[in-house]
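# Structure assessment
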Amino acid sequence: DTMWGLDTMWGLDTMWGLDINGPLVVASAQVGSLAAVLLAVNNLRDARTDARCGKNTLCVLLGERFGRLEITFLLAAPFTLLPYWAWEGARRLEVTMFPSLAAALPAATAPLA
């Protein structure tokens, strides 16, 4: 499911003739995991009826506990990748300190997730 972000970002990157690089991969992983968490929540909600109908989703095959862990991971992944942007900004600006408060602001939304 995270491939949605990777496919989308790499497709745009290829269309414009650019190279695949670190910021592209990190941004696409962040976008893809937020998209995938919606599917994971839906799969967890429908796990019992899917099992009765014979659908083989990850929640049915690996259990509802796995579904909850998957949702937790997919929600946490974009926030755990935030330090990369601070590092990348500092590298590009050639500074040794945290480049800006704007790079840290998305972390303030983590408790709301």
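The residue numbers shown here count from 1 along each chain, following its written sequence. Since the coordinates come from a predicted model, pLDDT governs what is reported: local features require at least 70, and pairs of side-chain atoms require 80 or more to be given and counted, while whole-chain, interface and lining totals use all residues. To obtain the side-chain values, all non-hydrogen atoms of the structure were included, while hydrogens and water were left out.

## A short note on the overall build of the chain
Here is the rule we go by: Only DSSP runs of H or I covering at least 4 residues are called helices, and only runs of E covering at least 2 are called strands; the numbering of each starts at the N terminus. Per-residue accessibility, obtained with a 1.4 Å probe over protein chains only, is compared with the maximum for each type, and a residue is labelled buried under 20%, exposed over 50%, and partly exposed between these values. Contact definition: two residues touch when any of their heavy atoms are within 4.5 Å. Areas reported as accessible are Shrake-Rupley estimates using a 1.4 Å probe. Residue values count occlusion only from the protein chains shown.
Broken down by element type, the chain carries six helices and zero strands. Helices and strands appear in the chain in the N-to-C order α-α-α-α-α-α. Each of the 113 residues in the chain was classed as buried or not, and the buried ones make up 27%. For the chain, contacts bridging at least 24 residues in sequence account for 57% of all contacts bridging at least 6. Summing over all exposed atoms, the chain offers an accessible surface of approximately 7700 Å²; the carbon and sulfur share of this is 67%.

## A look at the pattern of salt bridges
As a reminder of what qualifies: Think of a salt bridge as a Lys or Arg side-chain nitrogen and an Asp or Glu carboxyl oxygen that are within 4 Å of each other.
One pass over the full model with this rule turns up four salt bridges. Note that K55 and D50 form a salt bridge whose closest N and O atoms lie 4.0 Å from each other. What emerges from the salt-bridge pattern is a single network uniting R48, E64 and R68.

## Some words on the nonpolar core
We apply this condition: Nonpolar core, defined: a set of buried Ala, Val, Leu, Ile, Met, Phe, Trp, Tyr and Cys residues in which side-chain atoms within 4.5 Å join the residues together.
If you look at the biggest cluster of nonpolar residues, it comprises eight residues: A36, V37, A40, L44, A47, C59, I71 and L74. For this core, the elements supplying multiple residues, two or more each, are α2 (22–45) and α5 (64–80). When residues in this core are grouped by element, the largest group, four residues, is from α2.

## Quick word on the confidence of the model for the chain
The following threshold applies: For every residue, the predictor states its confidence as a pLDDT score lying anywhere from 0 to 100.
Across the chain, pLDDT averages 78, with 63% of residues at or above 70. Element-level pLDDT for the chain is lowest in helix α1 (residues 3–15), with a mean of 63, against a maximum mean of 93 in helix α3 (residues 47–53).

## Overview of α5
In an α-helix there are 3.6 residues to a turn, and that puts residues three or four apart on one side. Formally: A helix is expected to span 1.5 Å multiplied by its residue count minus one. Working note: the arc is built from the helix axis to C-beta atom directions.
Its 17 residues give α5 an end-to-end C-alpha distance of 24 Å, which sits within 8% of 24 Å, the value for a rise of 1.5 Å per residue. Of the residues making up α5, those classed as buried are G67, E70, I71, L74, A77 and P78. Seen along its axis, α5 keeps its buried residues to an arc of 125°; they face one direction. Among the exposed residues of α5, those oriented more than 90 degrees off its buried face are R65, T72, F73 and T80.

## Some thoughts on the side chain of E70
For clarity, the threshold we go by: Counting rule for charge: Lys and Arg are taken as positive, Asp and Glu as negative, and neither His nor the chain ends is counted.
Along the polypeptide, E70 turns up in helix α5. As a buried residue without a salt bridge, E70 has its nearest oppositely charged side chain in R68, at a separation of 11 Å. Apart from residues no more than four positions distant in its own chain, E70 is found in contact with A40 and L58.

## Digging into a nonpolar patch on the surface
Going by this rule: Only residues whose relative accessible area exceeds 30% and that form no salt bridge are eligible for patches; like-charged ones are grouped when within 9 Å, while nonpolar side chains (Val, Leu, Ile, Met, Phe, Trp, Tyr) are grouped when within 5 Å.
A contiguous nonpolar surface patch, about 300 Å² in accessible area, is contributed by L58, L61 and L62. Looking at where L58 falls in the secondary structure, it is placed in helix α4 (residues 58–62). Judged by its relative accessible area of 42%, L58 falls in the partly exposed class.

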